[in-house]
Amino acid sequence: MRWRLSLALILSASASLADPLTYLRSVPLAGLGGVSAVEVEADGNAALVLSDRGTAHRFAILRDGQTGRIEDVARVKLPFPDRDTEGLAVLGGKTFISYEDPAEISTLGGQILPSPREFHALPSNSALEALAVTRDGVVYTLPENPRNKGQPIPIYRYQDKRWSVAAHLPRSDGFMPTGADFGPDGLLYILERSFSALGFRTRIRRIDLGVEPPVAETLLKTKLGTHDNLEGLSVWRSDSGATCLTMVSDDNFLSVLRSELVEYALTETLAGGARCD
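Since we're looking at a predicted model, the values are computed, not measured.

Thresholds, definitions, all that
- Residues numbered from 1 in each chain as written.
- Predicted model: local features only at pLDDT ≥ 70, side-chain atom pairs only at ≥ 80, totals over all residues.
- Heavy atoms only, no water.
- Helix = DSSP H or I, 4+ residues; strand = E, 2+ residues; numbered from the N terminus.
- Rg over C-alpha atoms; globule rule 2.2 N^0.38 Å.
- Buried < 20%, exposed > 50% of the residue type's maximum accessible area, 1.4 Å probe, protein only.
- Salt bridge = Lys/Arg side-chain N within 4 Å of Asp/Glu carboxyl O.
- Pairing = 2+ DSSP bridges.
- Axes fitted to C-alpha atoms, helices over the stretch in contact; angles between N-to-C directions.

Asks: How should I be thinking about the overall build of the protein chain in this particular structure?
Replies: Along the backbone of the protein chain there are two helices and 19 strands. Expected size for 277 residues packed as a compact globule is a radius of gyration near 19 Å; at 19 Å, the protein chain falls within 12% of this value. Seen along its three principal axes, the alpha-carbon backbone of the protein chain occupies a region of about 65 × 45 × 40 Å. With 277 residues in all, the protein chain has 52% of them scored as buried.

Asks: I keep staring at the pattern of salt bridges and nothing clicks. Help me out?
Replies: Oppositely charged side chains can pair when the atoms bearing their charge come close. On inspection of all chains with the given rule, the structure shows 16 salt bridges. Measuring nitrogen to oxygen at the nearest pair gives 3.1 Å for the salt bridge that ties Glu41 to Arg58. Of the two residues, Glu41 is situated in the loop between strand S2 (35-40) and strand S3 (46-51) and Arg58 in strand S4 (residues 55-63); the sequence distance between them amounts to 17 residues. Between Arg258 and Asp228 there is a salt bridge whose closest N-O contact spans 4.0 Å. Remark: Asp228 occurs in the loop between strand S16 (216-221) and strand S17 (230-237) and Arg258 occurs in the loop between strand S18 (243-249) and strand S19 (260-266); sequence separation between them is 30 residues. The network of salt bridges with shared partners includes Arg25, Arg63, Glu263, Arg275 and Asp277.

Asks: Got a minute to help me understand the pairing of S4 in this structure?
Replies: Within a regular strand, the side chains alternate between the two sheet faces. Counting buried positions along S4 yields seven of nine residues, so the element is predominantly enclosed. Across six bridges, the pairing between S3 and S4 is antiparallel. The partner of Ser51 across the bridge, within S4, is Thr55. Once S3 ends, the chain turns through three residues before running back antiparallel as S4, passing Gly54 with a positive phi of about 80°. Pairing geometry for S4 and strand S5 (residues 68-76), over seven bridges, is antiparallel. Within S5, the position partnered with Arg58 by the bridge is Ala74.

Asks: For this particular structure, what's the right way to read the sheet that holds strand S7 (residues 94-100)?
Replies: Two orientations exist for strands paired in a sheet by backbone hydrogen bonds: parallel and antiparallel. Pairing is antiparallel across the open sheet formed by three strands, whose spatial order is S6-S7-S8. Of all the strands in the sheet, just strand S6 (84-91) and strand S8 (104-107) have a single pairing partner and so form its edges. Averaged over all pairs of adjacent strands, the angle between strand axes in this sheet comes to 25°, irrespective of strand direction. Examined bridge by bridge, S6 and S7 share seven bridges and lie antiparallel to one another. Across the sheet, residue Gly87 finds its bridge partner in S7, namely Ser98.

Next comes the structure, spelled out in structure tokens:
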């Protein structure tokens, strides 16, 4: 029995030292440009993506464990096709979309949520990049870079037909939020990017909005050039129990950048052979 206890302690120590997120795959999004947001459907085998030129596409994801490919790409009609669409959140049959210039949020059916005066003051190209909705229909959004230099970024909440500031996201290391989603654990996952002339860095932080004050836990911080311009984030649970994080990169319609679907998983949820397939 002593060797079993020793083995258990070794495995426990190894798990505690593992990176919080495990990289799984990158899949080219051929023919799709300017991709700014993603929502993966419940079974992980299909996704809806937005382009920042006012288009949306739904496609199937074919998985074989290590790699993947997409097919059956179909265009989805948006209520305002000429707007700069940036954020995407889906709850049941209801889809929310966030916009820049002007900063607004609407449903896929064209209903525009009322905007607080703070939205009107956001920079035209740094407005409502990240959008998420809870299981009970509360909408959250983050601007990419509000006009409060050096100050934390407000996390806005729309509940009971009114806006409020639910929390603040501390700034650091030049990162700015570009995507958000609530995970199966009820926590808010926030995708951030940092850009320089040499390329992009990616960071993912997780916040429990149910505690006061909320604390941002860093799950991932990549080296320069690990990924391209990751902008959209969808967090979902696979049938085998893994918590999967699917992101998309925006090529800005430039040949030097890539449109990709990139996936990670929470390392602790991969125990017992769970997969994002």
